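Chain by chain, the residues:
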Number of protein chains: 2
Amino acid sequence: MTSEGQETAGGYGEFALIERLRSKLSASAKGPGVLVGIGDDAAVIDAGGGKCWVISCDVQVQGMHFPAEGASGFSVGHKGLAVNVSDVAAMGARPLYALISLGVRDETPLSFLDEVYESINREAQNLSMSVVGGNVTRTEGPFFIDVFIAGEVERESLLLRSGARPGDQILVTGSLGNAAAGLYLLNHPETKIGHEIKTMLTYAQIRPQPRVEEAQAISALRQATAMMDISDALAGDIGHICEASGTGAVIWEHELPISSAALNLASVILTDPKEWALYGGEDYQLLLTAPISAVPALQEAVRAAGGGSLTPIGEILPASEGLCLQKRSGRVPLEKRSWDHFGKPEKI
Amino acid sequence: MTSEGQETAGGYGEFALIERLRSKLSASAKGPGVLVGIGDDAAVIDAGGGKCWVISCDVQVQGMHFPAEGASGFSVGHKGLAVNVSDVAAMGARPLYALISLGVRDETPLSFLDEVYESINREAQNLSMSVVGGNVTRTEGPFFIDVFIAGEVERESLLLRSGARPGDQILVTGSLGNAAAGLYLLNHPETKIGHEIKTMLTYAQIRPQPRVEEAQAISALRQATAMMDISDALAGDIGHICEASGTGAVIWEHELPISSAALNLASVILTDPKEWALYGGEDYQLLLTAPISAVPALQEAVRAAGGGSLTPIGEILPASEGLCLQKRSGRVPLEKRSWDHFGKPEKI
């Protein structure tokens, strides 16, 4: 596996690579029972009896998705599970079972591995999930964790990216930008900011909470038209919904729900917190669309599920209007900037 | 994640590490619907309506499970899929869906990745499986591939390690030792042996063929009492069946089915091919137990499935008799030697 004189993965660009690999699998990608295959956050399989299985996996590599030094095993285990749970939950499915693959170095401390498993065990219990297997292998490279999740959803409650219609409201749970603000603090530990704000924002980055109960409440209502989680960034993820639905969209910049902690940090470091909300990613909030008449019921359902707010942040438009950002000064095209570096695990 | 003055994974020993990690997951290991959880080759979930889902994953790391230099992407993709398919099939399940996680270096040649996906695509088509998703991430360490498989089986046809009873015959599909003989040839390319033999044995090592149709035929008969695939080695794997079933066993050394190719190589390099068959591993043949009265029907079913031979190689004994090897000179305890280095992915 030498690369002299050959094209390499690093030189090819991430999205081109993903497209290239997808095309190699075209013949085996969609057999019987596959409702959603390659190209979405999770696959959906018709399990019969009006039920679907939703399955997904994602790798996290040390030095890529968490720091090479200083990340606790608690955070690594927690996030490894959470990002995958989020993908499955955001389709309306109840995450039920997990398998965990670990790549371990000889010099990996036992205490670190203990923490990884303890946090997975705790989080699985919180979510009423079962960790049913996995495997451990040795690697000479960085430690990695690959988590596979299987969940179940009634076919009628399944929510995909593809159901949005012009006129639908665009809604988001909770606050946006906390994870990006937390990443700033991890990279700038010298920042002068209150302890509580620092803890809240860094935890949003290292211990994201997938919105499982809120997603269940939303899918049970059967009034939302499309849903996904915000992992890359709002600006990119709304584009995924529009592409799958054949629509355009406008995001109302001044309606973006930004936490007081993020506003506070932004004022200290003199940055625009809307940048975090639009382009920062990793918030693992739910992004959904629904007819305007359904919004009050959805807001009430999310509140009842313990999830706090569900905020309208824009509207689905006809495809011809493209993707735009409504600023106070007028509409501008929405930049597609997001986390598209090659280090992020990208779904094929 | 520094290890100064701390206990490390490498210093702890593989089996102790696995046990330690398993214990951390005890609280979340067996929720509702989990028929088989941590500790088997695959997990089994009650899907309702008399059906079970069987799910499994296994990582292969470059330099650990395939050579750092010289392994083709075809072989890496093929084996990554095959070893996981084998785990699911050996419980009697039909493998249906796969997810593929790849860890890719910047300098990984595109041609290598193309080969990985092309071989997975081809093998999935051969097995009528759908590759429904996965993800690609960057790593600075060795290339790795983690494959997740989901399959389905009727609950009445499910075969576990735990059903063997004293008096049952121990049976194995195909030949044993080819993969170990192939590994010898890969490590000793200067060996003077015919081209056909070399190809056949090295392919047994680098392109193992999971016995899916044979496993389906066996489980459909509902006469076998226990089954698993031979991945570690016969000597270790029969121990797993005995442990799960609460029995002992005797293996008849002179009944071990060894291919003429392996016999030929063994005579050239002056080694005992029974060592390969007993302790070599990676043959991915099926190891099963059944009452003696069921053996002719099982042999006919395997033959009809295109699988060739099903050979009686021993008998299940009461637990008090332990694990033994019947040699011409008499019975000796069966050594538990097998592939237990830390590099092999070990199921938790």
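Owing to the predicted nature of the structure, the values given are computational and were not obtained by experimental measurement.

So, the overall build of chain A
Then step 1. From N to C terminus, chain A includes 11 helices and 14 strands.
Then step 2. Taken along the three principal axes of its C-alpha coordinates, chain A extends 55 × 55 × 50 Å.
Then step 3. A buried classification covers 57% of the 348 residues belonging to chain A.
Then step 4. The long-range fraction of contacts in chain A, counting pairs at least 24 apart against all pairs at least 6 apart in sequence, stands at 82%.

Side note on the relation of the copies chain B and chain A
Then step 1. Superposing chain B onto chain A requires a rotation of 180° together with a translation of 0.0 Å along the rotation axis, leaving an RMSD of 0.0 Å. On this basis, the relationship between the two copies can be described by a two-fold rotation axis. Within chain B, B:Gly141 has its C-alpha nearest the rotation axis, a separation of 1.8 Å.
Then step 2. A high fraction, 99%, of the interface residues of chain B reappear at the interface in chain A, so the copies pair face to face through one surface.

Remarks on the sheet that holds strand 7 (residues 169-173) of chain A
Residues and elements named next belong to chain A.
Then step 1. Strands sit in the order 8-10-7-11-9-12-13 across an open sheet of seven strands; the sheet is mixed. In this open sheet, the two edge strands, each paired with only one partner strand, are strand 8 (226-229) and strand 13 (330-333). Neighbour to neighbour, the strand axes of the sheet diverge by 25° on average, direction disregarded.
Then step 2. Relative to strand 10 (residues 286-290), strand 7 runs antiparallel, the two being bridged by four bridges. Its bridge partner being in strand 10, Gln169 is matched across the sheet by Ala290.
Then step 3. Packed on one face of the sheet, helix 7 (residues 212-221) meets strand 7, strand 8 and strand 10 and runs near 15° to strand 10.

Looking at the pairing of strand 6 (residues 144-154) of chain B
Residue and element names in this part refer to chain B.
Then step 1. Most of strand 6 is tucked away, with nine of its 11 residues classed as buried.
Then step 2. The sheet contact formed by strand 3 (residues 51-61) and strand 6 spans 11 bridges and is antiparallel. Of the residues in strand 6, the one forming a bridge with Gln60 is Ile145.
Then step 3. With nine bridges connecting them, strand 4 (residues 94-104) and strand 6 associate as antiparallel partners. Paired with Gly103 across the bridge in strand 6 is Phe144.

Things to note about the interface of chain B and chain A
Put simply, an interface is often sized by how much accessible area is lost when its parts join up.
Then step 1. Taken together, the 85 residues of chain B in the interface contact 84 residues of chain A.
Then step 2. Broken down by element, the residue count for the side of chain B that touches chain A peaks at 10 residues, all from helix 4 (residues 110-126) of chain B.
Then step 3. Counted by class, the side of chain B that touches chain A contains 42 nonpolar, 28 polar and 15 charged residues.

Some details on the nonpolar core
Then step 1. A:Met91, A:Ala98, B:Met91, B:Ala98 and B:Met227 are the most contacted members of the largest nonpolar core, which has 228 residues in total.
Then step 2. The contact partners of A:Met91, leaving out residues within four places of it in the chain, are A:Ala42, A:Val44, A:Val54, A:Val153, A:Leu158, A:Leu159 and A:Leu160.

What to know about the domain arrangement of chain A
Residues and elements named next belong to chain A.
Then step 1. The domain boundaries assigned to chain A delineate domain 1 (31-157) and domain 2 (161-333).
Then step 2. Relative placement of domain 1 and domain 2: their C-alpha centres are 23 Å apart.
Then step 3. Opposite the 19 residues of domain 1 that make contact, domain 2 presents 19 residues.
Then step 4. Of all elements in the fold, only helix 3 (73-89) and strand 4 (94-104) reach the threshold of two or more residues within the side of domain 1 that touches domain 2.
Then step 5. When residues of the side of domain 1 that touches domain 2 are assigned to their parent elements, the largest contribution, nine residues, is made by helix 3.

Brief notes about the environment of B:Lys198
All names here are of chain B.
Then step 1. Take Lys198: it is sitting in helix 6 (residues 195-206).
Then step 2. C-beta crowding within 10 Å serves as the criterion here: with 19 such atoms nearby, Lys198 is assigned to the partly exposed category.
Then step 3. For the pair formed by Lys198 and Pro95, sequence separation is 103 residues and the distance between their alpha carbons is 30 Å.
Then step 4. Residues contacting Lys198, with those up to four places away along its chain left out, are Leu185 and Ile193.

Concerning the sheet that holds strand 13 (residues 330-333) of chain B
Residues and elements named next belong to chain B.
Then step 1. Strand order in the open sheet formed by seven strands is 8-10-7-11-9-12-13, with mixed pairing between adjacent strands. Only two strands of the sheet have a single neighbouring strand rather than two, namely strand 8 (226-229) and strand 13. Across the sheet, the mean angle from the axis of one strand to that of its neighbour is 25°, orientation sign disregarded.
Then step 2. Here strand 7 (residues 169-173) pairs with strand 11 (residues 310-318) via five bridges, running antiparallel. Residue pairing for strand 11: Leu171 is matched across the bridge by Pro312.
Then step 3. Sitting on the sheet, helix 7 (residues 212-221) touches strand 7, strand 8 and strand 10 (286-290), and the angle it makes with strand 10 is about 15°.
Then step 4. Helix 8 (residues 234-245) contacts strand 7, strand 8, strand 9 (247-252), strand 10 and strand 12 (323-327) of the sheet and is inclined by roughly 150° relative to strand 9.

Re the environment of A:Leu256
Residue and element names in this part refer to chain A.
Then step 1. The topology assignment puts Leu256 in the loop between strand 9 (247-252) and helix 9 (260-269).
Then step 2. Along the backbone, Leu256 and Asp106 are 150 residues apart, and their C-alpha atoms lie at a distance of 46 Å.
Then step 3. When neighbours within four sequence positions are excluded, Leu256 is seen to be in contact with Leu176, Lys274, Ala277 and Ile313.

Some remarks on the pairing of strand 11 of chain B
Then step 1. Bridge count for strand 9 of chain B against strand 11 of chain B is five bridges, and the pairing is antiparallel. Paired with B:Gly248 across the strands is B:Leu317, a residue of strand 11 of chain B.

Some words on the environment of B:Tyr117
Then step 1. Here B:Tyr117 is to be found in helix 4.
Then step 2. Residue B:Tyr117 is classed as buried on the basis of its C-beta count, with 23 C-beta atoms lying within 10 Å.
Then step 3. For the pair B:Tyr117 and B:Val76, spaced 41 residues apart in sequence, the C-alpha to C-alpha distance is 9.6 Å.
Then step 4. The residues contacting B:Tyr117, other than those within four sequence positions of it, are A:Leu21, A:Lys24, A:Leu25 and B:Gly77.

Cut-offs used in this document
- Residues numbered from 1 in each chain as written.
- Chains lettered and ligands numbered in written order.
- Predicted model: local features only at pLDDT ≥ 70, side-chain atom pairs only at ≥ 80, totals over all residues.
- Helix = DSSP H or I, 4+ residues; strand = E, 2+ residues; numbered from the N terminus.
- Buried ≥ 20, exposed ≤ 12 C-beta atoms within 10 Å, placed from the backbone.
- Contact = placed C-beta atoms within 7 Å.
- Least-squares fit on C-alpha atoms with pLDDT ≥ 70 in both.
- Pairing = 2+ DSSP bridges.
- Axes fitted to C-alpha atoms, helices over the stretch in contact; angles between N-to-C directions.
- Nonpolar A, V, L, I, M, F, W, Y, C, P; charged D, E, K, R; others polar.
- Core = buried A, V, L, I, M, F, W, Y, C linked by C-beta atoms within 7 Å.
- Domains from an automatic or database assignment.

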